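Chain by chain, the residues:
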Amino acid sequence: MKNRYIAALLAFFLGGLGVHKFYLRKWTGVFYLILCWTYIPTIVSFIEGILYLTNGEREFNRKYNKERSTYQQQSSDYLEQNYNSSSIETSLSKICQNCGKENEADSNFCERCGNKL
Ligand SMILES: [Zn+2]
């Protein structure tokens, strides 16, 4: 989780070297490094630092934390768990949770009661 206050501080003090861009995993930081002998990256990153602070937490997270937001992390963990449990089941027979009948491993519905497996 990237912190917008840290990003802003980096932009203010080390922005001329593109450090805030590297912190945010933006490859455009390379341009700041290349142009660090001019004042351009310093000015641009100063403005960016102000934008990080003024645009608010939600906007910042949408831009820079979208790949690992808490919700997405939770749902991908959930999917992974489901995937793991279903891959274990395919090697064994499926027990119906409704009536207890053992069904073929590749069947999706119970033979006896039609319950979804
Ligand atoms: Zn059943």
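Only a predicted model underlies this, so the values are computations on that prediction, with no experimental measurement involved. (Residues numbered from 1 in each chain as written. Predicted model: local features only at pLDDT ≥ 70, side-chain atom pairs only at ≥ 80, totals over all residues.)

Digging into the overall build of the protein chain
Reasoning step 1: Helix and strand counts for the protein chain come out as six helices and two strands.
Reasoning step 2: When the helices and strands of the protein chain are listed from N to C terminus, the series reads α-α-α-α-α-α-β-β.
Reasoning step 3: With 117 residues in all, the protein chain has 17% of them scored as buried.
Reasoning step 4: In the protein chain, the share of contacts with a sequence separation of at least 24, taken over all contacts with a separation of at least 6, comes to 31%. (Helix = DSSP H or I, 4+ residues; strand = E, 2+ residues; numbered from the N terminus. Buried ≥ 20, exposed ≤ 12 C-beta atoms within 10 Å, placed from the backbone. Contact = placed C-beta atoms within 7 Å.)

Topic: unusual backbone geometry
Reasoning step 1: Look at R25: it is not a glycine, yet its phi comes out positive at around 60°.
Reasoning step 2: Relative to the helices and strands, R25 resides in the loop between α2 (19-23) and α3 (29-34).

A short note on the packing of helix α1 (residues 4-14) against helix α4 (residues 40-54)
Two numbers describe a pair of packed helices, the interaxial angle and the distance between the axes.
Reasoning step 1: Interhelical geometry of α1 versus α4 gives an angle of 160° and a closest axis separation of 8 Å. Of the possible angle classes, the one that applies to α1 and α4 is roughly antiparallel. Crossing hand, α1 versus α4: left-handed. Along its contact with α1, which presents R4, A7, A8, A11 and F12, the element α4 presents S45, F46, E48, G49, Y52 and L53. (Axes fitted to C-alpha atoms, helices over the stretch in contact; angles between N-to-C directions. Parallel < 35°, antiparallel > 145°, perpendicular 65-115°, else oblique. Left-handed = near helix turned anticlockwise from the far one by under 90°.)

Overview of the nonpolar core
Reasoning step 1: The biggest cluster of nonpolar side chains holds seven residues, and these are A7, A8, L10, A11, L24, Y52 and F60.
Reasoning step 2: With four residues, α1 is the largest single contributor of residues to this core.
Reasoning step 3: If sequence neighbours within four positions are ignored, A11 has contacts with H20, S45, F46, E48, G49 and Y52. (Core = buried A, V, L, I, M, F, W, Y, C linked by C-beta atoms within 7 Å.)

What about the environment of E111?
Reasoning step 1: Mapping E111 onto the fold places it in the segment after β2 (102-103).
Reasoning step 2: Overall, the presence of 14 C-beta atoms within 10 Å leaves E111 in the partly exposed class.
Reasoning step 3: Sequence spacing of E111 and C96 is 15 residues, and the spatial spacing of their C-alpha atoms is 8.9 Å.
Reasoning step 4: In contact with E111, other than residues within four places in its own chain, are K101 and N103.

Notes on α4
Reasoning step 1: Taking 1.5 Å as the rise per residue, α4 with 15 residues should run 21 Å; its terminal C-alpha atoms sit 21 Å apart, in good agreement.
Reasoning step 2: Within α4, the full set of buried residues consists of P41, S45, E48, G49 and Y52. Considered in projection along α4, the buried side chains sweep an arc of 105° and stay on one side of the axis. Of the exposed residues in α4, those oriented more than 90 degrees away from the buried face are I43, I47 and T54.
Reasoning step 3: Immediately downstream of α4, the backbone of G56 shows phi near 90°, a positive value. (Expected span 1.5 Å × (residues − 1). Arc of directions from axis to C-beta.)

Interpretation note: all reported values are geometric properties and have no functional meaning in isolation.
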